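# Descriptive analysis of the structure
Residues per chain, in single letters:
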Amino acid sequence: MSKAIQIGTVSVLPGEVKRGAIEAGADMAGRPYAMPITVVRGVADGPCLWINGATHGDEPEGAFSIFLALKQIDPQQLRGTVVAVPAMNVNAFTAGMRGDPLDTFSYDMNRIYPGKADGYPTERIAHAHWLAMKETGDLQIAVHSGGEHSYLAHMIFASDNPVSLELAAAMGPQWPLVFRSPVGGGNPSSMMGSLGKGGITVELGGNCRTLTRDFHTVAADLAASYLNVLRHYGMIDGTATYAPAWQQGYQIALLAPATGIFVGNPDLPFETLIPQGTPLGVIYNLYGDVLAELVAPRDGVVFGLRSRPSVIEGQWCCFFGVIEQTVDNLISK
Ligand SMILES: [Zn+2]
């Protein structure tokens, strides 16, 4: 008889789906702070995959895609365990903001891992989540997007170890952009990497794509990717599919050269190699004069663009990727 796995308030046996929470501290009314989780434990043994949404509270794609994926995962057909965390930063999610507006000291939850038991409010929550995940998790997908200011196309930042790069490849054919990011940094993926485990940060969507069908399209894309991961690791039946090759490189933040209204080039393709000098967008002043033009600083790919037009000099305008190499060996076989 297998022993129960304990994650937060959830105790789960093989073949069970359980709901509960990771708790940390309490609110003014004395209620425990609760990060809702759903744990699906398969009838057979296998890896434990954590899917983490809304580290940033203005990025709801993780939550919705997790709901779509969970409907398609049957514990009776599963080998291993899926731990679904639709919204890690519940207070930020409630506010629809990147961080918890009540916590200005550790505002960005994606920069403070592994958190701190006696730290600032969000550090304490991150710490409780980290303890639960590092104990049980083998693989982790953190789901991000452009939030309230930008759109982000398919992009994966994989912790720089072979396990994480394989996890990135397992996301499927629509994810050929896989950039390596250092292990041991302040985000959950990078902390998983520092333990030799798999950790990736995936980007897709933004609040500019949360209206009706568009939101479903983005979430279904992500959900299909999680299922592809489950197939790749043999956690469910079926054959995984992959990108033919993966492009690696580094990102350049293209910041607004002026304050005004940013308007992107209507013909700008995402996730496609474009030459240096390609127009990306312009910034107008409130008289309609073009104050500045944004162009590709070199050959590369646009994987994200500002979607909120009003912009202050120095804010993000474009997420630009420089491709250094194309590889076809991310999967160990
Ligand atoms: Zn984010």
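Residues numbered from 1 in each chain as written. Predicted model: local features only at pLDDT ≥ 70, side-chain atom pairs only at ≥ 80, totals over all residues.

### A short note on the overall build of the chain
So the rule is basically this: A run of H or I in DSSP counts as a helix once it spans at least four residues, and a run of E counts as a strand once it spans at least two, with each numbered from the N terminus. As a reference, a globule follows 2.2 Å times the number of residues to the power 0.38, and the radius of gyration itself is taken over C-alpha atoms. Three exposure classes are used, all based on how many other C-beta atoms lie within 10 Å of a residue's own C-beta (placed from the backbone): buried at 20 or more, exposed at 12 or fewer, and partly exposed between those limits. The contact criterion used here is simple: two residues whose C-beta atoms, placed from the backbone, lie within 7 Å are in contact.
A tally of helices and strands in the chain yields 6 helices and 18 strands. Taking 2.2 N^0.38 as the reference for a compact globule, 333 residues should give roughly 20 Å; the C-alpha atoms of the chain span a radius of gyration of 20 Å, in line with that estimate. Within the chain, the proportion of its 333 residues that are buried is 47%. A sequence separation of at least 24 residues applies to 66% of the contacts in the chain between residues at least 6 apart.

### Some thoughts on the pairing of strand β8 (residues 150-159)
Note the cut-off: By this definition, two strands are paired if DSSP reports at least two bridges between them.
Of all 10 residues in β8, 10 are buried; the element is thus mostly enclosed. Of the strand pairs in this sheet, β8 and strand β16 (residues 300-306) are connected by 3 bridges, and their pairing is antiparallel. Across the sheet, residue Y151 finds its bridge partner in β16, namely L305. Bridging between β8 and strand β10 (residues 198-205) involves 5 bridges; their strand directions are antiparallel. Residue pairing for β10: A158 is matched across the bridge by I200.

### Some remarks on the domain arrangement of the chain
Inclusion rule: Each domain's limits were defined by an automated method or a database of domain assignments. Classes in brief: Ala, Val, Leu, Ile, Met, Phe, Trp, Tyr, Cys and Pro nonpolar; Asp, Glu, Lys and Arg charged; the others, Gly included, polar.
As far as domains go, the chain holds domain 1 (5-232) and domain 2 (247-327). For domain 1 and domain 2, the distance between their C-alpha centres works out to 28 Å. Facing 17 residues of domain 1, the contacting portion of domain 2 comprises 17 residues. When residues of the side of domain 1 that touches domain 2 are traced back to their parent elements, those giving at least two are β8 and β9 (178-181). When grouped by side-chain class, the residues that make up the side of domain 1 that touches domain 2 number 9 nonpolar, 5 polar and 3 charged.

### Description of the packing of helix α1 (residues 61-70) against helix α6 (residues 212-232)
We count it as follows: Under this scheme, a helix contributes an axis fitted over its contacting stretch, all axes are lines through C-alpha atoms, and angles between N-to-C directions fall in the 0 to 180 degree range. An angle below 35 degrees is treated as roughly parallel, one above 145 as roughly antiparallel, one from 65 to 115 as roughly perpendicular, and anything else as oblique. Each crossing gets its hand from how the near helix is turned against the far one by less than a right angle, where anticlockwise is left-handed and clockwise is right-handed.
For the pair α1 and α6, interaxial distance at closest approach is 8 Å and the crossing angle is 60°. The angle between α1 and α6 falls in the class oblique. Pair α1 / α6 crosses with right-handed handedness. From α1, E61, F64, S65, L68 and A69 reach across to α6, where they touch F215, V218, A219, A220, L222, A223, Y226 and L227.

### Thoughts on unusual backbone geometry
The residue after Y113, namely P114, is reached through a cis peptide bond having omega 10°. Note on placement: P114 falls in the loop between α2 (90-95) and α3 (121-136). Phi angles above zero are rare outside glycine, and T212 is one such case at about 35°. Looking at the secondary structure, you find T212 in helix α6. Its identity is not glycine, yet E271 carries a phi of approximately 55°, on the positive side. Mapped onto the secondary structure, E271 falls in the loop between β12 (260-264) and β13 (273-274).

### Re the nonpolar core
This is how it is decided: Here a nonpolar core is just a set of buried residues of the types Ala, Val, Leu, Ile, Met, Phe, Trp, Tyr and Cys, joined wherever their C-beta atoms sit within 7 Å.
I37, I51, V83, I156, A168, V178 and C318 are the most contacted members of the largest nonpolar core, which has 90 residues in total. Two domains each put at least three residues into this core: domain 1 (5-232) and domain 2 (247-327). Excluding residues within four positions of it along the chain, A168 makes contact with I156, A158, W175, V178, I200 and L330.

### Quick notes on the sheet that holds strand β17 (residues 310-311)
In spatial order, the strands read β15-β14-β12-β17; together these 4 strands make up an open sheet with antiparallel pairing. On the outer flanks of this sheet lie β15 (290-295) and β17, each paired with one strand and no other. With 5 bridges joining them, strand β14 (residues 279-284) and β15 adopt antiparallel strand pairing. Bridge assignment links G281 to a residue of β15, and that residue is L294.

### Re the environment of G193
Among the structural elements, G193 can be located in helix α5 (residues 188-194). Judged by local crowding, G193 falls into the buried class, with 27 C-beta atoms found within 10 Å. Linking G193 and A223, residues 30 residues apart in sequence, is a C-alpha distance of 23 Å. Apart from the residues lying within four places of it in its own chain, the contact partners of G193 are S159, D160, N161, S164, V183 and G199.

### Let's talk about α6
Here is the rule: Multiplying 1.5 Å by the residue count of a helix minus one yields the expected span of that helix.
Relative to the 30 Å expected for 21 residues at 1.5 Å per residue, α6 spans 31 Å between its end C-alpha atoms, a close match to the ideal helical length. Residues of α6 that are buried: V218, A219, L222, A223, S225, Y226, N228, V229, L230 and H232. Contact partners of the buried residues in α6: β5 (44-52), α1, β7 (139-144), α4 (162-169) and β10. The first or second residue beyond α6 is G234, which carries a positive phi of 70°.

### Section: the environment of D45
Mapping D45 onto the fold places it in strand β5. The exposure class of D45 is exposed, given the 12 C-beta atoms found within 10 Å. Discounting chain neighbours no more than four positions away, the residues touching D45 are R79 and G80.

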